[in-house]
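Residue-level structure breakdown
So you can see what is in the structure, the chains are spelled out below.
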Amino acid sequence: MDKIRASVRAMLRQYLFPILLLAAACTASQAQVTSETQTPMVDQTPLTIERLYASPSLSGPRPQAVKYSPNGKRVTFLKAREDDASRFDLWQFDVATGEQSMLVDSQILEPEEAELSEEEKALRERKRIAGRKGIVSYYWGAAGTILVPIGGDLHLVTLGSDGPSARQLTATEAFEYDAKVSPGGRYVSFVRDGAVYAIDVDSGEESRLTPLAEPEKAISYGVAEFVAQEEMDRYTGYWWSEDDRYIAYTRVDESTVDIIPRFDIAADDVTVINQRYPRAGRPNAIVDLFVRDMETGEVNEIEWRREDWGPATDQYLVRVNAHRGGFIVQSVNRAQSEIFGRPIGAPDWAPSAFAHHQITISEKQDRWVNLNSDFMGSPWLWTTGEQTGYRHVQVYDGIGRRHLTEGEWAVDELKYVAPDGKYFYFTGYMDTPLERHLYRQNTGERADSYDPVLLTERGKSWSITMAPDGRSFVGTSSSPTQSAQTGLYRTEDGSLITWIEENKLDETHPYAPYLAEHTVPEFGTLTAEDGQTLYYSVQLPPDFDPSRKYPALVEVYGGPHAQMVDRDWERMTDQFYSRQGYVVFRLDNRGSANRGKKFEDAIYRQMGGPEVRDQLVGVDWLKSQPFVDADRIGIQGWSYGGYMVLMTILQAPEGTFAAAVAGAPVTDWSLYDTFYTERYMDTPQDNPDGYEKSSVFYHLDRLQGELTPLLLIHGMADDNVTFDNTTRLMAELQDKGLPFELMTYPGERHGIRGETRLVHLMKTRMAFLDRKLKDK
């Protein structure tokens with residue numbers, strides 16, 4: 001605890017400059033002080049719930065969707081407005097001059113906010129950008145044009161010597177979405193009413209490239225089915241070849257998928273949506289793949305499925321990558337124990353068409369394979385693995401495949417491969433699981449021939465966008481003491497060229513009035529029952545007094561493919577909780593991301609078991625701390641975190657928690673979708689015992705004693721974790737005579753959106769938590 005107290009005192013000393021500002025160059029190590037040098041607290045502007053969600057963002061500006069222009073002379077990005085943090089405009093940064101300017105004002109292209117189509121709403125929900133307005137995506141063309149979809153129509157921006165000019169390409173009542181510029185820049189393509197269309201940029205002529213959708217038969221073209229969007233990170237159903245000659249597209253037949261009536265309950269209306277939702281153990285959509293020749297109009301079907309994998313509903317199309325005038329098609333089986341990819345090309349679009357390159361991508365796992373979007377270079381580089389226990393880079397060189405990286409740490413993503421194949425860049429967690437960094441690696445005959453070279457500053461976590469020529473990169477980094485900064489860096493040595501968005505914590509920063517009470521988490525480790533290391537963070541109130549006992553709040557997610565404990569700018573909600581006098585605790589249990597396959601595999605066929613036991617290890621540690629009141633510990637989470645809240649309070653010893661908040665929780669995995677659930681649990685038919693014991697209702701039936709005071713929250717139009725997960729739990733609790741509190745949000749889906757709703761949500765949470773944890 002001396003380290004925690006010293007950390008808090010260090011933060012006070014670091015921030016209490018005469019004007020209560022933070023020098024951007026300060027680091028946590030420079031700020032360490034002894035107990036004798038603690039500086040007294042001064043008056044500070046209170047951080048209110050209203051300010052937490054108001055504009056501008058307390059974290060300051062952070063560029064989104066960062067991209068280089070094809071010639072590398074510009075960096076473009078989406079930037080939130082100061083007066084409306086949810087509305088984004090398109091900005092540019094001139095690499096040569098360092099000048100920054102707005103390229104496209106969203107309010108000029110869309111003076112009045114358009115009503116989104118159901119398809120666009122769903123797509124934004126899947127991409128987790130449903131709360132954004134204005135320009136939410138854009139695409140560079142090879143000729144220096146930028147495609148901007150907004151308000152359901154498409155605009156093409158041309159960058160001329162006199163400045164940017166915009167040309168509207170579509171003006172229809174229908175909503176165009178999933179728009180792209182073909183690699184050569186000849187076409188702009190999009191999906192309209194379940195079919196793919198293209199516009200010739202020069203002539204402006206529009207043509208339909210696929211058959212029309214047949215809604216009555218649940219057939220559409222060029223789209224990604226629900227599980228592809230939600231679980232595979234595949235948001236599209238069509239792909240251009242590198243030379244614009246061919247376009248591959250899907251035919252999605254959802255007639256095999258069960259219809260789950262979903263009541264979209266708004267404030268003044270109820271709409272029954274017959275959603276095609278493949279629940280665990282039930283049939284999936286049938287996805288076929290075709291290729292159209294843009295010169296001749298000829299269409300060929302691609303036979304991507306494997307006979308040994310069973311029926312069409314038991315095979316998933318997961319990736320299609322343009323490659324050498326053709327495509328690489330990647331698929332996985334229903335059990336998700338094997339991923340298989342192979343090249344196809346003209347003229348017959350069979351695997352034999354690439355006779356010079358017959359190596360296939362493949363990986364098998366006893367449990368499940370993890371998908372990735374890494375595929376680049378010639379010879380191919382791909383990340384795989386976890387056959388070695390950790391995800392690493394492999395090369396496919398026409399003879400075989402071999403690892404280029406190795407070790408007990410995880411690669412995150414391939415970023416760039418040199419044209420001659422002699423070196424590549426990747427992000428990963430070589431130094432620590434708490435920080436993502438950029439590395440350069442030379443290729444050699446053996447993985448241990450060269451050690452990866454670290455290019456980014458330690459003590460932070462990084463997001464990277466590489467230049468087309470690989471000579472520079474845009475890096476966005478943050479740390480517990482510095483909100484996100486975006487700069488242009490040299491790949492040679494990682495040195496800063498210039499800031500794109502310095503986001504300096506000075507007197508002009510939105511967070512300046514609240515900076516003196518900024519709290520920094522202390523990181524530590526605990527040990528799981530199988531000996532694996534668990535990372536945690538604990539955040540103390542700004543006026544921390546070691547002689548007092550504080551209520552504690554366990555913030556949990558706990559689901560796979562996610563990481564909650566890392567060294568970056570902390571969530572503003574955690575800052576708010578700590579200022580309300582709470583100790584905030586987070587722990588990444590087994591099953592979480594970036595720790596290797598063994599760490600993930602612990603939950604296989606038994607979700608809600610190992611994760612809960614790990615969280616309780618954390619709670620036991622928390623209760624043992626002299627500054628925590630063991631009788632005033634709360635737990636809250638959303639989505640998988642909501643599930644974890646319920647499973648943890650039902651399996652913990654009575655009295656462990658004094659309050660629990662479960663938002664949008666899964667309550668029975670047989671209600672959730674095929675691809676996600678079966679990856680970790682197998683099917684209900686093959687793992688009935690696992691499904692039973694992973695259900696909230698199984699543990700509710702075995703509850704001994706009182707139910708932890710519980711607040712349930714759910715959006716009434718949720719199309720991901722459907723609302724019946726909560727209504728079934730409500731009914732069961734009522735039948736058992738167990739009291740609970742409830743807050744529902746009309747019209748809201750899986751996430752609660754909008755400033756006023758978020759303020760209400762936080763006030764609801766705090767009223768409940770304060771009543772249960774502070775008024776005791």
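Below is a summary of the structure that appears in this document. Source: prediction; values computed, not measured.

Criteria and cut-off values
Here the residue numbering is sequential within each chain, running from 1 through the sequence in written order. Where local features are concerned, this predicted model is filtered to residues with pLDDT of at least 70; where side-chain atom pairs are given and counted, the filter is 80 or more; whole-chain, interface and lining totals use all residues. Side-chain figures throughout are based on the complete set of non-hydrogen atoms in the structure, without hydrogens or water. Note on conventions: DSSP H or I runs of at least 4 residues are helices, E runs of at least 2 residues are strands, and numbering of each starts at the N terminus. A radius of gyration in this sense is built from C-alpha atoms; the matching globule rule multiplies 2.2 Å by the number of residues raised to 0.38. Classification of residues uses two cut-offs on accessible area relative to the type maximum, computed with a 1.4 Å probe and protein chains only: under 20% is buried, over 50% is exposed, and between them is partly exposed. Between Lys or Arg on one side and Asp or Glu on the other, a salt bridge is scored when a side-chain nitrogen of the former is within 4 Å of a carboxyl oxygen of the latter. A strand pair is defined by DSSP finding two or more bridges across the two strands. We call a crossover right-handed when, viewed with the strands running away from us, the connection from the first strand over the helix to the second turns clockwise. Remark: nonpolar core denotes a set of buried residues (Ala, Val, Leu, Ile, Met, Phe, Trp, Tyr, Cys) joined through side-chain atoms within 4.5 Å. By definition in these notes, contact holds between two residues if any of their heavy atoms fall within 4.5 Å. In this scheme Phe, Tyr and Trp rings, the latter by its six-membered ring, pair at centre separations within 6.5 Å, and the angle between planes marks the pair as stacked below 30 degrees, edge-to-face above 60, and tilted otherwise. We count a charge as sitting over a ring when the NZ of a lysine or the CZ of an arginine lies within 6 Å of the ring centre and within 35 degrees of the ring normal.

Description of the overall build of the protein
The helix and strand inventory of the protein stands at 14 helices and 43 strands. Computed over C-alpha atoms, the radius of gyration of the protein comes to 26 Å, within 12% of the 28 Å expected from 2.2 N^0.38 for 776 residues, which places it in the range of a compact globule. When the backbone C-alpha atoms are referred to their principal axes, the protein occupies close to 80 × 65 × 60 Å. Put simply, the protein has 776 residues, and 59% of those count as buried.

Looking at the pattern of salt bridges
One pass over the structure, following the stated rule, counts 52 salt bridges. Note that Asp258 and Arg282 form a salt bridge whose closest N and O atoms lie 2.6 Å from each other. Of this pair, Asp258 sits in the loop between strand E16 (246–253) and strand E17 (259–265) while Arg282 is found in the loop between strand E18 (270–276) and strand E19 (286–293), placing the two residues 24 residues apart along the sequence. For Asp258, a relative accessible area of 23% corresponds to the partly exposed category.

Some thoughts on the pairing of strand E38 (residues 550–555)
Most of E38 is tucked away: 6 of the 6 residues are buried. Here 5 bridges tie E38 to strand E40 (residues 628–638), and the two strands are oriented parallel to one another. Among the inter-strand pairings, Val554 is bridged to a residue of E40, identified as Ile635. Here E38 runs beside strand E39 (residues 583–587); their pairing, made up of 3 bridges, is parallel. Paired with Leu553 across the bridge in E39 is Val584. Each parallel crossover has a hand, and for E38 linked through helix H6 (residues 572–579) to E39 it is right-handed.

Structural notes on the nonpolar core
By size, the foremost hydrophobic cluster in this structure holds 79 residues, and its most contacted members are Trp669 and Leu710. Sort the elements by how many residues they give to this core and helix H9 (residues 640–651) lands first, with 8 residues. Apart from the residues lying within four places of it in its own chain, the contact partners of Leu710 are Leu646, Ile649, Ala660, Ala662, Leu733, Phe740, Glu741 and Phe768.

As for the packing of aromatic side chains
A complete count under the given rule lists 34 aromatic pairs for this structure. When the ring of Tyr249 is compared with that of Phe290, the centres are 5.8 Å apart and the planes differ by 20°; the resulting orientation is stacked. Here Phe290 lies in strand E19 and Tyr249 lies in strand E16, a separation of 41 residues in the sequence. Residues Trp669 and Tyr676 carry aromatic rings whose centres are separated by 6.0 Å and whose planes lie at 25° to one another, so their mutual orientation is stacked. You can call Tyr676 buried: its relative accessible area is 9%. An aromatic cluster of at least three residues, connected via ring pairs, comprises Trp368, Tyr557, Tyr604, Tyr640, Tyr643, Trp669, Tyr672, Tyr676 and Tyr680. For the cation-ring pair, Arg192 lies above Tyr197, with the distance from its terminal atom to the ring centre recorded as 4.8 Å. It is Lys597 that lies over the ring of Trp368; its NZ or CZ is 4.1 Å from the centre.

Purely spatial values, then, with no claim about function.
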